[in-house]
Amino acid sequence: MKPVGLVMDPRFEQHDTGPGHPERPERLQSIRHELQTTGLAGRTQAVPLTRCDEALIARVHDPEHIRRVENACAAGQHLLDSMDTAICRDSYEIARLAAGSLVGLCDAVARGELARGFAAVRPPGHHAERDLAMGFCLFNNVAIAARHLNQDKGFSRVLIVDWDVHHGNGTQHIFEEDPRVFYASIHQWPLYPGTGAQTERGSGAGEGTTLNCPLAPGSGDAEFLRAVREEIVPAAESFGPDFVLVSAGFDAHRADPLANLEVTTEAYGDATAALCGLADRRAGGRLVSVLEGGYDLDALAGSVARHVETLLDPRR
Ligand code: ZN
């Protein structure tokens, strides 16, 4: 049986967002502690960190955006583009490591060396637009990986499932006219950033390859899993993905302070199993997930553990 890859490293804690910020280094400390004490980390294969080639970032971001992130960090700025997106001197390098390590994990799965994998990286990525940092995100990690799989690795039908409680505006916008990348999102509605209405279905050649599943505040496991099993999986079956990426935020959890859904730790295992089944049927099993949000430390750690446990044994 092929191993499951794991990107997890204290270096991602060097992205310092300052006191009181919800997207804080302790999120990863909490995940690392949980995966180590439960023995789950020991059952995975560690994936080495890789600094992302600028050329790969430039496929989804304006070169000017890349320079702005670099220069703002070098200048010691504390915020970039919006009041919620905090940076420090190290953030540019850490963001490049986050994107590059996810790409490295995807490459190992593409080569068949790993069965599946999870990247516990920060800063997160799905709110980052082509030319804008926003919502705690500098570079759009999952978009960079999807574009790389498209253009360099011959995967012509990449599925991105985004189950973070916030809509992944950046990812949707980057691919909304692209029929080679199917973007599907489950998110609370209404909620930040305000995009992700059911009527947003892609445009031009990409019409029909965007699927938004907004959930009302107070929705729980039943609604969350119904969206996965009855909306996303059937739509993805028709699309026929050859690689599955997951923007795995865990802030739909009932304990999360930033939103109002009631999803439990267990449901993240069930959702993971459903997507692994889809990947097995349609994509040669290839599935890679990357951390997005999740702001209650205990709920985050427990949910990530359930997610990784299911990646290790989807049919349990
Ligand atoms: Zn989120």
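What you are looking at is a predicted structure, and each value in this text was computed from that prediction instead of being measured. (Residues numbered from 1 in each chain as written. Predicted model: local features only at pLDDT ≥ 70, side-chain atom pairs only at ≥ 80, totals over all residues. Heavy atoms only, no water.)

Colleague: For helix H1 (residues 26–37), give the residues involved together with the corresponding values.
Modeller: Here H1 spans 16 Å end to end across twelve residues, near enough to the 16 Å set by a 1.5 Å rise per residue. Along H1, the residues that are buried comprise Arg27, Leu28, Ser30, Ile31, Arg32 and Leu35. Next to the buried residues of H1 lie strand S1 (4–7), strand S10 (287–291) and helix H9 (297–312). Two residues or fewer past H1, glycine 39 is found with a positive phi of approximately 80°. (Helix = DSSP H or I, 4+ residues; strand = E, 2+ residues; numbered from the N terminus. Expected span 1.5 Å × (residues − 1). Buried < 20%, exposed > 50% of the residue type's maximum accessible area, 1.4 Å probe, protein only. Contact = heavy atoms within 4.5 Å.)

Colleague: An account of the pairing of strand S8 (residues 210–215) is needed here, citing residue identities and associated values.
Modeller: Buried residues dominate S8, accounting for five of its six residues. The sheet contact formed by strand S7 (residues 181–188) and S8 spans six bridges and is parallel. The residue of S8 that forms the bridge with tyrosine 183 is threonine 210. (Pairing = 2+ DSSP bridges.)

Colleague: Which residues make up the sheet that holds S8, and what values go with them?
Modeller: Spatial ordering of the open sheet is given by S2-S1-S5-S10-S9-S6-S7-S8, a layout of eight strands whose pairing is parallel. Each edge of the open sheet is held by one strand with a lone partner, namely strand S2 (45–46) and S8. Relative to S10, strand S9 (residues 243–248) runs parallel, the two sharing five bridges. Following the sheet pairing, serine 247 is matched in S10 by valine 290.

Colleague: Break down unusual backbone geometry for me, citing the residues and quoting the values.
Modeller: Proline 123 follows arginine 122 through a cis peptide bond whose omega is 0°. Secondary-structure assignment places proline 123 in the loop between strand S5 (116–119) and helix H5 (141–153). Cis geometry marks the peptide bond from tyrosine 192 to proline 193, where omega comes out at 0°. Along the chain, proline 193 turns up in the loop between S7 and S8. Here the phi dihedral of phenylalanine 136 falls at roughly 75°; this positive angle occurs in a residue that is not glycine. Examined against the element boundaries, phenylalanine 136 turns out to sit in the loop between S5 and H5. Overall, phenylalanine 136 belongs to the buried group, its relative accessible area being 14%.

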